[in-house]
Amino acid sequence: MADAREPMLRPLVYKTLRGLKVAEYWITARVAMAILAVMRLLPPDRALNFIDRAARTIGPKVGRHRVAIANLKNAYPDKSDPEIEKIASDMWGNMGRLAGEYVFLEQLFDYDPDAETPGRVEVVGKELFLKIRDEKRPHIFFTAHMGNFELLPVAAATFDLSVSALFRAPNNPYLAEYIFRTRAATMGELLASKNGVSFAMAQVLERGGNVGALVDQKFTNGVLSTFFDQQCQTSPLVPKLARQFDCDVYPVFSVRLPGNRFRLTLCDKLELPRNAAGQLDMAAMVQLMNDTVEGWVRQDPGQWMWFHKRWQIRGRTR
């Protein structure tokens with residue numbers, strides 16, 4: 001009798017579980033938004049310093065901390081356990097500050113290209129921003145989860161340069177909607193990382209626009225490459241678009257400075273690797289991007305997102 005009822009009960013069980021998950025997402029989002037609302041009542045420096053301390057306390061207690069420690073030990077086999085823990089602690093502080101900076105982005109971003117004295121934000125590569133702005137053709141920017149990586153489109157806008165930014169939305173739909181709404185207010189066009197996003201980016205480039213993408217995450221079925229001398233899978237999207245539209249590709253990265261300050265650096269365009277036939281070498285370009293990002297991370301490893309399963313190989317490789 002129990003076996004006969006099982007097919008009838010299964011849809012009810014699935015529906016109940018889905019309902020519980022939706023409720024969990026809703027409660028989590030409300031709690032997070034309430035915390036952010038309280039933070040808005042505090043001065044930015046005080047709020048960000050508080051969330052830094054809280055993140056360093058809470059971070060080591062969550063499961064992702066073990067992922068971060070394992071990744072760090074593989075990337076830095078010569079570092080001692082205290083050194084590894086110090087980098088992980090800095091990472092949690094950095095990620096906490098990043099979350100808090102969503103609230104204060106308009107107050108924190110005070111960059112003025114014509115100001116004689118620097119504010120909270122420094123921009124290295126002002127002349128490149130101006131050069132790109134005046135070129136009537138498409139460009140691609142790529143960056144990594146370093147410092148406050150949201151600064152690129154905000155900084156570009158100060159030079160009247162529009163950059164459509166690719167971002168990965170949280171699994172929580174309520175948080176995703178909130179983040180999208182708050183980010184779009186200061187960052188312009190946002191392209192959610194999902195099926196069809198490559199076509200959306202291609203449309204931007206086709207009309208002569210500019211796109212920005214994060215390239216340091218695991219990409220299932222991606223191009224087999226290396227990062228910190230370990231195999232990983234990397235998205236081929238940026239190389240594909242660069243080949244299709246024959247456009248320049250610029251690396252850009254952010255670092256967090258003492259005193260709740262920032263430096264955004266726009267580097268010279270990449271010399272794109274090509275094969276004997278003169279076509280863009282996709283695999284070589286993927287590796288070049290990885291090597292570029294690795295160089296940034298090695299300068300200040302505590303500002304990168306070590307809890308991501310970057311080296312997990314899943315699906316087929318290209």
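See above for the structure.
Q: Describe in detail the overall build of the protein, supporting the description with residues and values.
A: A tally of regular secondary structure across the protein gives 10 helices and 9 strands. Counting only residues that meet the buried cut, the protein has 47% of its 318 residues in that class. Once local pairs closer than 6 in sequence are excluded, the contacts in the protein between residues at least 24 apart make up 75%. As displayed, the protein offers around 16,600 Å² of accessible surface, 55% of which is attributable to carbon and sulfur atoms.

Q: Kindly report on the packing of aromatic side chains, identifying the contributing residues and their values.
A: Scanning the entire structure with this criterion turns up 15 aromatic pairs. Plain terms: the ring middles of Phe253 and Trp296 are 4.8 Å apart, the flat faces sit at 20° to each other, and that makes the pair stacked. Taken together, the residues span a long stretch of sequence, with Phe253 in strand E8 (residues 248-257) and Trp296 in helix H10 (residues 282-299) at a distance of 43 residues. Accessibility assignment for this pair places Phe253 and Trp296 in one class, buried. Members of the aromatic cluster, joined through ring pairs, are Tyr76, Phe227, Phe228, Trp304, Trp306 and Trp311. Above the plane of the ring of Phe227 lies Arg310, whose end atom (NZ or CZ) is 5.6 Å from the centre.

Q: How would you sum up the nonpolar core? Please name residues and give values.
A: Side chains that are nonpolar tend, in soluble globular proteins, to be buried together. Counting 53 residues, the largest nonpolar core has Ile140, Val249 and Trp306 as the members making the most contacts within it. Taken together, the elements giving at least two residues each to this core come down to helix H3 (64-75), helix H4 (81-108), strand E2 (139-143), helix H8 (197-206), strand E5 (210-214), helix H9 (237-245), E8 and H10. Examining the composition of this core, we find that 7 residues originate from one element, H4, more than from any other. Within the second largest apolar cluster, 33 residues are counted, among which are Ala47, Ile132, Ala156 and Phe159.

Q: Describe in detail the side chain of Asp52, supporting the description with residues and values.
A: Within the fold, Asp52 resides in helix H2 (residues 44-58). Among the polar contacts made by the side chain of Asp52, one reaches the side chain of Arg97 at a distance of 2.8 Å.

Q: Outline H10, supporting the account with residue identities and numerical values.
A: Think of an α-helix as turning once every 3.6 residues; residues three or four places apart then point the same way. The terminal C-alpha atoms of H10, which comprises 18 residues, lie 27 Å apart, in line with the 26 Å expected from a rise of 1.5 Å per residue. Among the residues of H10, Met282, Met285, Val286, Met289, Asn290, Thr292, Val293, Glu294, Trp296 and Val297 are the ones counted as buried. Among the structural elements, E2, strand E6 (223-227), strand E7 (230-234), H9 and E8 are those in contact with the buried residues of H10. In this structure Asp281 caps H10, since a side-chain oxygen of it lies 3.3 Å from the backbone nitrogen of Ala283.

Q: Would you mind going over the pattern of salt bridges in detail, with residue names and values included?
A: In the structure shown here, the tally under the stated rule is 16 salt bridges. In this structure, Lys86 and Asp90 form a salt bridge, with 2.7 Å as the shortest nitrogen-oxygen distance. Here Lys86 pairs with Asp90, and both are found in helix H4, just 4 residues apart, close to one helical turn. Several salt bridges share partner residues, and in doing so they unite Asp52, Arg56, Lys86, Asp90 and Arg97 into one network.

Q: Let's hear about the environment of Trp311: which residues, and what values?
A: Within the fold, Trp311 resides in the segment after H10. Its relative accessible area of 12% is what places Trp311 among the buried residues. When the C-alpha positions of Trp311 and Phe228 are compared, they lie 9.7 Å apart, and in sequence the two are 83 residues distant. A distance of 2.8 Å separates a polar side-chain atom of Trp311 from the backbone oxygen of Phe227.

Q: So what about H8? Which residues, and what values?
A: Every buried residue of H8 is listed here: Val197, Met201, Ala202, Val204 and Leu205. Down the axis of H8, the smallest arc covering the buried residues is 155°, so these residues share one side. In this structure, H8 carries Phe199, Gln203 and Glu206 as exposed residues pointing more than 90 degrees from its buried face. Directly after H8, the chain includes Gly208, whose backbone phi takes a positive value near 85°.

Q: Report on the environment of Gln107, specifying residues and quantitative values.
A: Tracing the backbone shows Gln107 in helix H4. Its relative accessible area of 51% is what places Gln107 among the exposed residues. In sequence terms Gln107 and Arg120 are 13 residues apart; their C-alpha atoms lie 9.6 Å from each other.

Definitions and limits used
Residues numbered from 1 in each chain as written. Predicted model: local features only at pLDDT ≥ 70, side-chain atom pairs only at ≥ 80, totals over all residues. Heavy atoms only, no water. Helix = DSSP H or I, 4+ residues; strand = E, 2+ residues; numbered from the N terminus. Buried < 20%, exposed > 50% of the residue type's maximum accessible area, 1.4 Å probe, protein only. Contact = heavy atoms within 4.5 Å. Areas by Shrake-Rupley, 256 points an atom, 1.4 Å probe, with all protein chains shown as cover. Phe/Tyr/Trp six-rings, centres within 6.5 Å; stacked < 30°, edge-to-face > 60°. Lys NZ or Arg CZ within 6 Å of the ring centre and 35° of its normal. Core = buried A, V, L, I, M, F, W, Y, C linked by side-chain atoms within 4.5 Å. Polar contact = N/O pair within 3.5 Å; in protein donor to acceptor, adjacent residues only side chain to side chain. Expected span 1.5 Å × (residues − 1). Salt bridge = Lys/Arg side-chain N within 4 Å of Asp/Glu carboxyl O. Arc of directions from axis to C-beta.

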